[in-house]
Structure formats: structure tokens, C-alpha cells
Amino acid sequence: MTGRVVAITGASAGVGRAAARAFAAAGDHVALLARNVEALDAAANEVRGHGVRALVCPVDVADAAAVEAAAATIEAELGPIDVWVNNAMTAVLAPVAQTSAEDFRRVTEVTYLGYVHGTLAALPRMQARGRGVIVQVGSALAFRSIPLQATYCGAKHAIVGFTDALRTELLHDHSKVKVSLVHLAGMNTPQFGWVKTTLNRHPQPVPPIYQPEVAAKAIVWMADHPRRALYVGAPTPLTIWAGRLVPSLVDRYLARTNYQGQQSDRPIQTDRPCNLEHPVPGDQGAHGIFDDKAHRRSPQLWLATHRRTTVATTLTAAALAAVAVRRCLRTCH
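Each value, and the rule that gives it
- Residues numbered from 1 in each chain as written.
- Predicted model: local features only at pLDDT ≥ 70, side-chain atom pairs only at ≥ 80, totals over all residues.
- Heavy atoms only, no water.
- Pairing = 2+ DSSP bridges.
- Helix = DSSP H or I, 4+ residues; strand = E, 2+ residues; numbered from the N terminus.
- Axes fitted to C-alpha atoms, helices over the stretch in contact; angles between N-to-C directions.
- 1 Å grid on protein atoms, 1.4 Å probe; cavity = no way out; pocket = protein on both sides within 12 Å on 5 of 7 lines; lining within 4 Å.
- Points joined across faces, edges and corners; volume = space filled by probe spheres on them.
- Nonpolar A, V, L, I, M, F, W, Y, C, P; charged D, E, K, R; others polar.

Undergrad: Explanation requested: the sheet that holds strand 8 (residues 186-187) in the structure shown.
TA: Pairing within the open sheet is parallel, and its three strands lie in the order 8-11-14. In this open sheet, the two edge strands, each paired with only one partner strand, are strand 8 and strand 14 (294-295). Here strand 8 pairs with strand 11 (residues 209-210) via two bridges, running parallel. Of the residues in strand 11, the one forming a bridge with Met187 is Tyr210.

Structure, rendered in C-alpha cells:
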């Protein structure tokens, strides 16, 4: 479906920026929500370059009233919201003992409550029309926490709990509104250049790293084919299942490897920006500094979004193998 009205939080950079481009390329009109007006304007120009409409909505998603006002503006300017993508996030990369209660509060307000605020703004409007899709951008870290990211992992865990509860309520009400989760692996986004941290070396996503366009493709697909959850990148389902099957073993593995795995060889700059409380000036775009390490596609995502083809191919291959075995047995006898 094209020509929809799509609202995206965290649309000024990273995955949100890439998703805005992807929806626009598909023919959808896009409302862009974030704090950085300069970056939002640049993103809006990219959206309009695809011949669709764009609306800039400067907002901090931690402010529930501001998010509600943005939703009202979107519907007045662009029309009824068909898809709402909750994506805005922030984090603090540091051990728990070096993280303040205020830092935990701020990350929770943006990365978890921002999703609640976006959902509360979109849901009543969608329910009144009997249609709509809410896409929650999650993470493998919503199921398997890692060291140095307690603020982010805690918020992502909360998003899953909130979304699961909402989904059961929609099922109870026989609602046609859909809510879906898209869980990501490590993405090459600008957040690693501005995340607040106590580390001495430049933070990086846990490898393997994917370009944000991979996530954007999954988000657009989920808006078109809403289902319970979609995993992006091979490490995501592997991390989740390993955490469920052998949690103590995974604890020890992460303790041994993930302090190093989340730091590059680059030293931290003394004048490094931080976007926890205020947006970093300028337009950072969708990509971070790890283009040379990031994958532009995910075979796992293709398999996940082509399940019928995958199953049919597997069954055909099994049938052909069975025929070959029978012929071999007949020949042998």
C-alpha cells in the first residue's frame, strides 16, 4: 500500500532517517518527529525528493503533551495517520556503578516512555477509524542484556512488556489496529558518536554491524505485513535463543567479550558532543562512522520476510532428495 500517512519518531538521524527515506520511496507521506530542527528539515527535503509530502514536527518524545499535539498537527496537515513508527532513543554507555539515577530517568523517559507516548497519541485515532499499524523498533537487547548498556536494555525490555500487553488488549477487543515489533542487531548510526559514555575509547555497535537501510527495509515491510515480531540480522534471533537456552553461559561470554566488543580502537575526543538532554547541532544523516564494517543487506531478513518461498523451497528440495534416494535404492537392489 502506498500514499499512506506515516509518522516516525527519531526521524532526524539513524534508523528513523533511513526509514523516512524508505517510506517516501514507497510513495508514502511522512511526518518526521525529533528534536533537531536542522536535521529534520534536511530529512524533509529528502522525503519531498520522492514526490511525496513531508511534515517537520520538532518534539521531545519524553513530553507526552507535545507528542499528542504533534499527532493532532499531522492529522490536520497530512491526513489520518496510517502508520506510526516509534523509534526515538537515547542511551548512556557506562557501567551501572558509573551511571546516575538522573541518567536512568532520562533514558527511560525517551527510550521507553517515548514509545508509550507515541502509542497513546496514535492508538485512539486508529481505533476510531478501525485501522492502522503501530511499529515498535526494538532490539535483541530487549531479550538479552549486555554490559555497559543497562539504561538502554532496561528500556527495550520495557517496550516488549508494554507492547505484549497492548497486543492482548487489541485481540480482546477484536480491534483491526495492529502493533508489531521489529528487533534490530547492531546498526551503524550516529548515536555512537554522541551517546553519553564513561568509556575511554569510541563506542561501537557489537559486530556484526548493519547499515540503517537494512532496518528501514524491515520497518517498511512490517508496516505492509504486520505480524507479532520480526528479527533483523542473524545475531538477533541467535542472541535471543542463546539467552533463553543457556543464560548463565551467555552471561559469562558477555562479561568476557562485550566490554571490548563495544569499543573501537579510536580514543574518545575531549570535545565529544552528547545528545542525552539536548540535540547535537547539525545534520548527522543516517550513517555513523562504521561504513567500512557495516553490512548493506541481511540474508536472514530476506528469509524472514519470504517465509512461504523459503518453506516451499525447502519442501521441494526435500521431495527431490527423497525421490533421488528411492531411485538410488531401486538401482542398488
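Undergrad: Looking at this structure, how should I read the sheet that holds strand 1 (residues 5-9)?
TA: Within a beta sheet, neighbouring strands are joined by backbone hydrogen bonds and run either parallel or antiparallel to one another. The seven strands are arranged 3-2-1-4-6-7-12 in an open sheet whose pairing can be described as parallel. The sheet terminates laterally at strand 3 (54-58) and strand 12 (229-231), the two strands that pair on one side only. Between one strand and the next, the sheet's axes are offset by a mean angle of 15 degrees, whatever the strand orientation. By the bridge criterion, three bridges tie strand 1 to strand 4 (residues 83-86) in an arrangement that is parallel.

Undergrad: Please explain empty space enclosed by the protein as it appears in this structure.
TA: One way to see where empty space is left: roll a probe the size of a water molecule over the atoms. Taken as a whole and judged by the stated rule, the model has one cavity of 30 Å³ or more. When its volume is computed, the largest cavity comes out at roughly 30 Å³. In terms of lining residues, the largest cavity is bounded by Ala91, Leu93, Gln149, Gln191, Phe192 and Val195. Looking at the lining of the largest cavity residue by residue, the class counts come to four nonpolar, two polar and no charged.

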